[in-house]
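Secondary and tertiary structure notes
If you want the building blocks of each chain, they are given just below.
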Amino acid sequence: MLQIHCPYCEEHREEEEFAYSGEAGIVRPESPAELSDEAWGDYLFFRKNPRGLHQELWLHASGCRRYFKVLRDTVTYAIHGSCKIDEQLAPVGQISGIRS
Amino acid sequence: MKERYSIFSLASHARSYHENWQRVWRSPELKPAYDVIIVGGGGHGLATAYYLAKVHGLRNIAVIEKGYLGGGNTARNTTIVRSNYLWDESAQLYEFSLKLWEGLSQELNFNTMFSQRGVLNLGHSLQDMRDIERRVNANRLNGIDSEVLTTREVKSIVPVINDSPNIRYPILGASWQPRAGTARHDAVAWGYARAADRLGVDLIQQTEVTGLRVANGQITGVDTSRGPVAAKKVACVAAGNSGVVAAMAGLRLPIESHPLQALVSEPIKPVLDCVVMSNAVHAYVSQSDKGDLVIGAGIDGYTGYGQRGSFSVVEHCLSAIVEMFPAFSRVRMNRSWGGNVDICPDACPIIGTTPVKGLYFNCGWGTGGFKATPGSGYVFADTVAHDRPHPLAAPFSIQRFYTGALIDEHGAAGVAH
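Here we summarise the structure given alongside this text. (Residues numbered from 1 in each chain as written. Chains lettered and ligands numbered in written order. Predicted model: local features only at pLDDT ≥ 70, side-chain atom pairs only at ≥ 80, totals over all residues. Heavy atoms only, no water.)

Once that is clear, we can look at the overall build of chain A. A tally of helices and strands in chain A yields one helix and six strands. Taking the principal axes of its C-alpha atoms as reference, chain A extends roughly 45 × 30 × 25 Å. In chain A, which comprises 100 residues, the share counted as buried stands at 40%. Pairs at least 24 residues apart make up 44% of the contacts formed inside chain A by residues separated by at least 6 positions. Computing the positive centroid from 11 side-chain charges and the negative centroid from 16, chain A places the two 4 Å apart. (Helix = DSSP H or I, 4+ residues; strand = E, 2+ residues; numbered from the N terminus. Buried < 20%, exposed > 50% of the residue type's maximum accessible area, 1.4 Å probe, protein only. Contact = heavy atoms within 4.5 Å. Lys, Arg positive; Asp, Glu negative; His and termini not counted. Charge placed at Lys NZ, Arg CZ, Asp CG, Glu CD.)

Dropping the structure here:
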């Protein structure tokens, strides 16, 4: 069970309160109609899927119902930090008060 | 002299207390060059090697495996084999595979313990039943044995099931595929490994591929933890780690790796002689020949390579199992484990060529690759040998994520796998 820190509620809560929402930082293209099939397919379907550190979105579905960013290791599942949706995640090791 | 397994070989070895069986395959040294290198020694990779050697006459083949043969998802699944998929493309691929399963033990001279005990896919709502009727009709048009059953018919096949209408997810009926069933997962890997080894394929274990060598858009070999190896063709069948291997050649895949969990109970007396699956509550169960209940859960929502998932997923699955089978409520669970599955956006595999000449990928089987092992190996071997997709594999090209011709099997196939 992951213990995830919601930056809006400012608390650690159990994973079951949250819904995973995939890779963070994917920007919807401004004019989809002008994109090539390749660029549109890349936007829709292709993800980094790294083995290691991953910046991802979580939704606090049973809490404040807001999206936020989490930096998580996809091998150890350790969580290295979380931040609000419009903030930048700090590099690993520079976040204090966050349990991993 | 290569030993053939039979009742006579068993009897003659009994006289020497089974102490003189030959090793099942060689442990060859890595050669400096091969015609084809297969990355990944699971069921699909070993099947690919076998059919490349058997059907296409290639002999200079290596299967390179970072751990041991069949130690990944091949040994972590719940061994269900069926072909009742909704869409023509997938139904034909899985049915082709099911037909290979039916003759596999004889072909490989290895008992894969393939047992056509039938698979039930339960429906718990009117919409489930409409989807089941549609899928069964589609199956029949594709020549697949498939029937719609009522609650009473389900109860007659599985007397231990809870058919009360007053439970949270009452059983309103099911689809039934009598030719579907289970197989011994290790035996499939070992059978293909032994048969491929006899045809001269080098099975290289404990060797990790660390890089792909590409020059002028053409594959030239791989880097391994035991040094570089040249190859004319490289075929990657690395399941949950496919994205990692693809990145070595600068390619991206539309795949996300998720943990998928399963568990087995202590052995109990025979109680369940078919496979029961429920997509709506995401639980499935069968009973192995040893007597353990083999139970599969859903994937974890998050991505992961850790070969383990969260307990909440197991708990959710078991609550559904206990509602369907109240008699199992006090059965103790022996072991649970996880594997990394490569999930495609449309829950269908990617089989085919890549922009790099001589590099091929077979991945994205997600939660349901085991049943496809023979068919996947067969069509992928054909794809690699002829440098073009096998007709059954052609719809599963990676190009479908650009053209939009997806084969949407999410939910549609009664998929819990």
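A few words on the overall build of chain B. Regarding its fold elements, chain B presents 11 helices and 18 strands. For 417 residues, the compact-globule estimate of 2.2 N^0.38 gives 22 Å, and the C-alpha radius of gyration of chain B, at 21 Å, lies within 12% of that figure. In terms of principal-axis extent, the alpha carbons of chain B reach across some 65 × 65 × 40 Å. Of the accessible surface of chain B, which amounts to about 16800 Å², a share of 53% is contributed by carbon and sulfur atoms. Of the charged side chains in chain B, 39 are positive and 36 negative, and the gap between their average positions amounts to 5 Å. (Rg over C-alpha atoms; globule rule 2.2 N^0.38 Å. Areas by Shrake-Rupley, 256 points an atom, 1.4 Å probe, with all protein chains shown as cover.)

Judged by nonpolar contacts, the single largest core of 52 residues is most densely connected at Ile38(B), Trp101(B) and Tyr192(B). Looking at this core, the elements that each hand over two or more residues are strand E1 (33–39), helix H2 (43–54), strand E2 (61–64), helix H3 (88–102), helix H4 (104–108), helix H7 (185–198) and helix H10 (373–386) of chain B. (Core = buried A, V, L, I, M, F, W, Y, C linked by side-chain atoms within 4.5 Å.)

With that settled, consider the pattern of salt bridges. What the rule picks out here adds up to 20 salt bridges over all chains. The shortest N-O distance in the salt bridge between Glu23(A) and Lys48(A) comes to 3.8 Å. Highlighted residues: Glu23(A) in strand E3 (residues 19–23) and Lys48(A) in the loop between helix H1 (37–45) and strand E4 (53–59), separated in sequence by 25 residues. The exposure class assigned to Glu23(A) is buried, which follows from its relative accessible area of 10%. The partner of Glu102(B) in a salt bridge is Arg179(B), and the shortest N-O contact between them spans 3.0 Å. On the criterion of sequence distance, the pair formed by Glu102(B) in helix H3 and Arg179(B) in the loop between strand E6 (173–177) and strand E7 (181–182) is long-range, its members being 77 residues apart. Put simply, Glu95(B), Lys99(B), Glu102(B), Asp145(B) and Arg179(B) are held in one network by salt bridges that share partners. (Salt bridge = Lys/Arg side-chain N within 4 Å of Asp/Glu carboxyl O.)

This part covers the packing of H3(B) against H10(B). Residue and element names in this part refer to chain B. Direction vectors running N to C along H3 and H10 enclose 110°, while the axes themselves pass 7 Å from each other. Comparing their axes, H10 and H3 come out roughly perpendicular. Packed against H3, whose contacting residues are Leu-93, Phe-96, Ser-97, Leu-100 and Trp-101, the element H10 presents Thr-373, Pro-374, Gly-375, Tyr-378 and Val-379 at the interface. Classifying every residue of the contact of H3 with H10 by side-chain character gives seven nonpolar, three polar and no charged. (Axes fitted to C-alpha atoms, helices over the stretch in contact; angles between N-to-C directions. Parallel < 35°, antiparallel > 145°, perpendicular 65-115°, else oblique. Nonpolar A, V, L, I, M, F, W, Y, C, P; charged D, E, K, R; others polar.)

At the junction of the two partners, chain A supplies 24 residues and chain B supplies 26 residues. Here chain A and chain B share an interface that buries about 2200 Å² over both sides, 53% of which is from carbon and sulfur atoms. Sorting the residues of chain A by area buried against chain B places Phe46(A), Asn49(A) and Tyr77(A) first, and these three jointly supply 33% of that buried surface. For the interface between chain A and chain B, the tally reads zero salt bridges. Scanning the region where chain A abuts chain B turns up 13 residue pairs in polar contact (both at pLDDT 80 or more). Residue assignment for the side of chain A that touches chain B shows that the elements contributing at least two residues are H1 and E4 of chain A. When its residues are assigned to classes, the side of chain A that touches chain B shows nine nonpolar, five polar and 10 charged. (Buried area = accessible area lost by both parts, 1.4 Å probe. Polar contact = N/O pair within 3.5 Å; in protein donor to acceptor, adjacent residues only side chain to side chain.)

With that settled, the discussion passes to the environment of Tyr5(B). Residue and element names in this part refer to chain B. Structurally, Tyr-5 can be placed in the segment before helix H1 (7–15). For Tyr-5, a relative accessible area of 24% corresponds to the partly exposed category. The spatial distance from the C-alpha of Tyr-5 to the C-alpha of Leu-199 is 16 Å, given a sequence separation of 194 residues. In contact with Tyr-5, not counting residues within four places along its chain, are Trp-21, Val-24, Asn-109, Phe-110 and Arg-194.

A word on a nonpolar patch on the surface. A contiguous nonpolar surface patch, about 370 Å² in accessible area, is contributed by Ile7(B), Phe8(B) and Leu10(B). Mapping Ile7(B) onto the fold places it in helix H1. (Patch = residues over 30% accessible without salt bridge, like charges linked within 9 Å, V, L, I, M, F, W, Y side chains within 5 Å.)

Moving on, we get to unusual backbone geometry. Residues and elements named next belong to chain B. At Thr-79, a residue that is not glycine, the phi angle is positive and equals roughly 65°. Position of Thr-79 among the secondary structure elements: in the loop between E2 and strand E3 (80–81). Residue Gln-307 is not a glycine yet carries a positive backbone phi of 55°. Of note, Gln-307 is situated in the loop between strand E15 (293–299) and helix H9 (311–324).

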